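Analysis of the macromolecular model
What follows is the residue order along each chain.
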Amino acid sequence: MAQWQQIRMLDNIHREQVHRLYSDTCLPMEVREYLAYWIEDQNWNQVVQSDCSQACWLFQTMLALLDEQLGRLVWHAENNSDMVIKHNLRRSKLSLQNRYQEHPEDLANLIAGLLREERAILSAAQAISPTRLEPLPDASLITGQENNIEERLAEMRKAIQGLKNSIEQLEDVQGIFDFRFSAFKILQGSTPSDPSLGDKWKELQDMINHLDRCRKDVLAGIQALLGRSDTLRELLLLELSMWQDRQRRACIGDACDTSLRQLEKWYTGSAEDLFHLLCLLQTLDELHQKMTYEGDPLPLQLHPLKQRLQEQIVCLLKSAFVVEIQPKMPFPSRRPLLLKTNSKFSVQVRLLVKLMDRDHKMEVKMEIDRDSAALVGFRRFNILPSNTKTMVKDRPQVEGLVCDFSHIMLKEQKSCGSGKGKGGKGASEGTLPVTEELHVITFTLDYCYQGLQCQLQTSTFPVVIISNTNQASSAWASILWCTMLGADPKNQQFFSSPPTASWAKLSEVLSWQFSDATKRGLDVNQLKMLGEKLCGSRVTPQSPITWTQFSKSGDTFSFWTWLDGILGLIQEHLLELWKNNLIMGFVSRKRERYLLKQKRAGTFLLRFSETTRDGGITCTWVEYNNDGSPKIHSVMPYTKTELKSLALPDIIHDYQLFAEEVRPENPLKFLYPDTPRNDAFGPYYSERREGDLTEKKKYLGRRLIRVSSRQQDEPRTPEVSPQEPHLLEVSPEEPRVLEVSPEEPHILEVNPQEPRILEVNPQEPHILEVNPQEPHILAVNPQEPHVLEVNPQEPHVLEVNGEFLPDNLDAVNTLFGSFMLDKNDPFLPPPGEEEQFEYPELFRLPDEMPELNLDEGDF
């Protein structure tokens, strides 16, 4: 749970401490409120201890985020209802700019101290009441504006109850007047000369004046209630727009509360009040039908008030119809707004006003691209199996008026004249590729309640529809870009001229991708490296980034393709290491060298390769020459292919570096900054059982390890002096796999697909030890010769079982006769002569196989 959310749930005593903490204007509380998540995501203690550049970076990012928040408030503003909020936020931004522009490190130090004080207050509150800070399920946090809504709803309900009492009194007054007026008419008709008629007429005149004042007071009360309703509706619309913004950010990875429980409560309460007010207007209309008089205000004001009230109700209902869960496929990717043809997905709509007429069927209709005529070149789709569904109230496990479209599929319509769609290969008949086509799903509901009928409509955020899974990464880049920039859903031609994004905004979204998928976002240093990769070394929070820079430009692949490949690599093979901060990840070669050269020999770090398309991770460590100068080594990146067969912790544990010495060594000793290798990666090593050499086994156990050579600049097969012992050569450019038995001495298995050179010192005998229990078979690839290098000064003689073999193919051919028909393959006949090949008698099968008689002595 976020720290600021817990702060807002404190009791009054501890909340007063927080108010005193922020009583100074050094950091306004509204800035802490609006940037709560971002502030808590930064490592301010590290920023304080580092140089001024990081503090300056964070300061500029904070100002950019405040500008974005101000822009969002302006965009959502209606009738200046949030004028005070905008004023305070703008004043806070200017105050921060004036105070910390020259010394941003002071702001970093201040925020670090404030966060420590907040944690101390929370600890004290937790000690007093441990359950106080535990959130209730789906409970909304009460802010000042939410309190305002609650108070206005209570006042509205109280005023309507008072109006109801006034109308009941008005009805009584009108009833009394009607009775007395009828009695006066009867008396006037029977005794027209009665002297009391004048007094009675005067009483009736006073009563009609009182009735007129009562009617005018009731109408004035209704007028005031409609004004309050307008203000309440504006507050609700602002809350709804903030929820939609949270939902938009949640779709692209931000951790936001997208619950609608509180909004549904407010909307339903407001609608109940308005429908109650509509019933009171109908009661007034009935009173008017029963009695009217000259100067009666009801005929002139009743109809406009009723019309205005109905407009408010319709406006409230239209905003209350929302897409609660945006379209999402269950697999292969659970990223929202990314759909695939002929694959099932689900989407859910909700009416926040829980009022329905049981006699009226509430059917929701689903459509895609309603204005498709304006989308020239866009694909068109059919919705299967059905595009209509009935909205149900309070289903099991689901409260409210909800319509859940599940197991829906989109099938592409065939293009006219071509007989096929355009989505198969991503080729576009229009100006945009498939992954940049934005489609909108629209829902329509015919609503009826208490005689009021209206049509409600809502739409999803723009979705991208692919036809092949290899388009998913590019399609998600499009979703990120248009959703991040708050594209108007009606602008489906957004990518005809995509706007630029600031690095402050894009960096935040990129961090969300990692925090959503791996539960660990990107820190300041990692984002700085990405920013420099995109924009160069002079990147700032305001640096503009184009759509082409983000998703298209690059020598072999785009920035997003590279980053998404790393994200997939983490999810599949490195998740726990990444979550526990064992992988530095995004660090440039320059900074990597700067960090390692200050550490002791054997210190290493893990970073992502910048040249691997689908994600690669490499290990870099430091050594020191005899003169004390540092030497940095890196191994070829490990990709998904290698990590499928061998986990990275095991690679690090068993990694061997072959040097001039006979015995190899593991150069990886301390994970940066100074954590011993086994302390860092020990919990992630594969389980191994020590072997018992006395135990009889059919096969020896084995495991894979990675090795490299220290001589990174020498050729693959160098010449070796006869006086030097033999060396196993391993290319430094790519790791080699050794299979090692944990129970027996090391056995080297050589891949027959690649030639290997066995270098032998002729001055020492080369002895091959063979297990006498099993025959020793040397497997040689017939397509690549196995080379044996010897001293040319001495005769080349092979000795087998005390007999000498010839050293050239001619001699072998003479020895074996007709078997040596092809020098490249002595055991096969020449091509095309298979039918003439005559097998010697030695290889012919007899006509009858003799019976083999065995007894117990033979065994």
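Just above, that's the structure.
Here's a quick rundown of the structure. Source: prediction; values computed, not measured.

**Digging into the overall build of the protein**
For the protein, the count of helices and strands is 22 helices and 25 strands. Looking at the protein as a whole, 42% of its 859 residues are labelled buried. Within the protein, contacts between residues at least 6 apart in sequence are counted, and of these 71% link residues at least 24 apart. Accessible surface, the protein: about 48600 Å² in total, of which carbon and sulfur atoms supply 50%.

**Quick notes on the pattern of salt bridges**
If you walk through the whole model with that rule in mind, you get 22 salt bridges. With a shortest N-O distance of 2.9 Å, arginine 233 and aspartate 230 are connected by a salt bridge. Placement of both arginine 233 and aspartate 230 in helix H10 (residues 197-251) is noted, with a separation of 3 residues, approximately one turn of the helix. Pair check on accessibility: arginine 233 and aspartate 230 agree, each one buried. A salt bridge links glutamate 592 to arginine 607; the nearest nitrogen and oxygen atoms lie 2.5 Å apart. Of this pair, glutamate 592 sits in helix H18 (residues 589-596) while arginine 607 sits in strand E14 (residues 603-608), and the two are 15 residues apart along the sequence. Judged by its relative accessible area of 3%, glutamate 592 is buried. Each of Asp245, Arg248, Arg249 and Asp254 takes part in a single network of salt bridges with overlapping partners.

**Remarks on the packing of H10 against helix H12 (residues 298-320)**
For any two helices packed against each other, one specifies the inter-axial angle together with the distance between the axes. Two elements in contact, H10 and H12, have axes separated by 11 Å at closest approach and are oriented at 15°. One finds that H10 runs roughly parallel with respect to H12. Between H10 and H12 lies a crossing whose hand is left-handed. When H10 is examined against H12, the residues Arg215, Leu219, Ile222, Gln223, Leu226, Gly227, Ser229, Asp230, Arg233, Leu236, Leu237 and Leu240 are found in contact with a partner set consisting of Leu298, Gln301, Leu302, Leu305, Arg308, Leu309, Gln312, Cys315, Leu316 and Ser319. The residue inventory of the contact of H10 with H12, partitioned by class, reads 12 nonpolar, 6 polar and 4 charged.

**Quick notes on the packing of aromatic side chains**
Taken as a whole and assessed by the stated rule, the structure comprises 20 aromatic pairs. Aromatic pair phenylalanine 494 and phenylalanine 495: ring centres 5.0 Å apart, planes at 90°, arrangement edge-to-face. A relative accessible area of 7% means that phenylalanine 494 is categorised as buried. Here a set of aromatic residues connected by ring pairs shows up, and it is made of Trp481, Phe494, Phe495, Phe514, Trp547, Phe550, Phe559, Trp560, Trp562, Trp578, Phe586 and Phe608. When the ring centre of tryptophan 562 is taken as origin, the NZ or CZ atom of lysine 533, which lies over that ring, is 4.6 Å away. A cation over a ring is seen here: arginine 600 above phenylalanine 670, with NZ or CZ 3.7 Å from the ring centre.

**A closer look at the pairing of strand E1 (residues 321-328)**
Most of E1 is tucked away, with 6 of its 8 residues classed as buried. Direction of pairing for E1 relative to strand E3 (residues 345-351): antiparallel, over a ladder of 5 bridges. Considered in E3, the bridge of lysine 328 is made with serine 346.

**A look at the nonpolar core**
If you look at the biggest cluster of nonpolar residues, it comprises 196 residues, and the most contacted ones within it are Leu351 and Phe586. The greatest single-element share of this core, amounting to 18 residues, is contributed by H10. When sequence neighbours within four positions are dropped, the list of residues in contact with leucine 351 reads Glu264, Leu317, Ala320, Phe321, Met362, Met391, Leu401, Leu445, Tyr447 and Leu456.

**Remarks on a negative patch on the surface**
Taken together, the side chains of Glu168, Glu171, Asp172, Asp285 and Glu286 define an acidic patch exposed on the protein surface. Elements that contribute at least two residues to the negative patch include exactly helix H9 (144-190) and helix H11 (261-290). In terms of residue count, the dominant contributor to the negative patch is H9 (3 residues). The topology assignment puts glutamate 171 in helix H9. We classify glutamate 171 as partly exposed; its relative accessible area is 36%.

**Observations regarding the sheet that holds strand E15 (residues 617-624)**
The strand order across the open sheet built from 5 strands is E16-E15-E14-E18-E19, with neighbouring strands paired in mixed fashion. Bordering the open sheet on either side are strand E16 (630-634) and strand E19 (675-676), each of which pairs with just one other strand. In this structure, E15 lies alongside E16, joined through 5 bridges in antiparallel fashion. Among the inter-strand pairings, glutamate 623 is bridged to a residue of E16, identified as lysine 631. Contacting E14 and E15, helix H17 (residues 559-579) crosses the sheet at an angle of about 145° to E14. In the packing of H18 onto the sheet, the strands contacted are E14, E15 and E16, and the crossing angle to E14 comes to about 165°.

**So, H10**
Taking 1.5 Å of rise per residue, 55 residues should cover 81 Å, and H10 covers 79 Å from first to last C-alpha, within 8% of that figure. One or two residues past the end of H10 sits glycine 253, with phi positive at roughly 110°.

**Side note on the sheet that holds strand E4 (residues 363-368)**
The 4 strands lie next to each other as E6-E4-E9-E10, forming an open sheet whose pairing is antiparallel. For this open sheet the edge positions go to strand E6 (388-390) and strand E10 (452-459), each flanked by a neighbour on one side alone. The mean inter-strand angle of the sheet, taken between neighbouring strand axes irrespective of direction, is 20°. Bridging between strand E9 (residues 441-449) and E10 involves 8 bridges; their strand directions are antiparallel.

Conventions used here
- Residues numbered from 1 in each chain as written.
- Predicted model: local features only at pLDDT ≥ 70, side-chain atom pairs only at ≥ 80, totals over all residues.
- Heavy atoms only, no water.
- Helix = DSSP H or I, 4+ residues; strand = E, 2+ residues; numbered from the N terminus.
- Buried < 20%, exposed > 50% of the residue type's maximum accessible area, 1.4 Å probe, protein only.
- Contact = heavy atoms within 4.5 Å.
- Areas by Shrake-Rupley, 256 points an atom, 1.4 Å probe, with all protein chains shown as cover.
- Salt bridge = Lys/Arg side-chain N within 4 Å of Asp/Glu carboxyl O.
- Axes fitted to C-alpha atoms, helices over the stretch in contact; angles between N-to-C directions.
- Parallel < 35°, antiparallel > 145°, perpendicular 65-115°, else oblique.
- Left-handed = near helix turned anticlockwise from the far one by under 90°.
- Nonpolar A, V, L, I, M, F, W, Y, C, P; charged D, E, K, R; others polar.
- Phe/Tyr/Trp six-rings, centres within 6.5 Å; stacked < 30°, edge-to-face > 60°.
- Lys NZ or Arg CZ within 6 Å of the ring centre and 35° of its normal.
- Pairing = 2+ DSSP bridges.
- Core = buried A, V, L, I, M, F, W, Y, C linked by side-chain atoms within 4.5 Å.
- Patch = residues over 30% accessible without salt bridge, like charges linked within 9 Å, V, L, I, M, F, W, Y side chains within 5 Å.
- Lys, Arg positive; Asp, Glu negative; His and termini not counted.
- Charge placed at Lys NZ, Arg CZ, Asp CG, Glu CD.
- Expected span 1.5 Å × (residues − 1).

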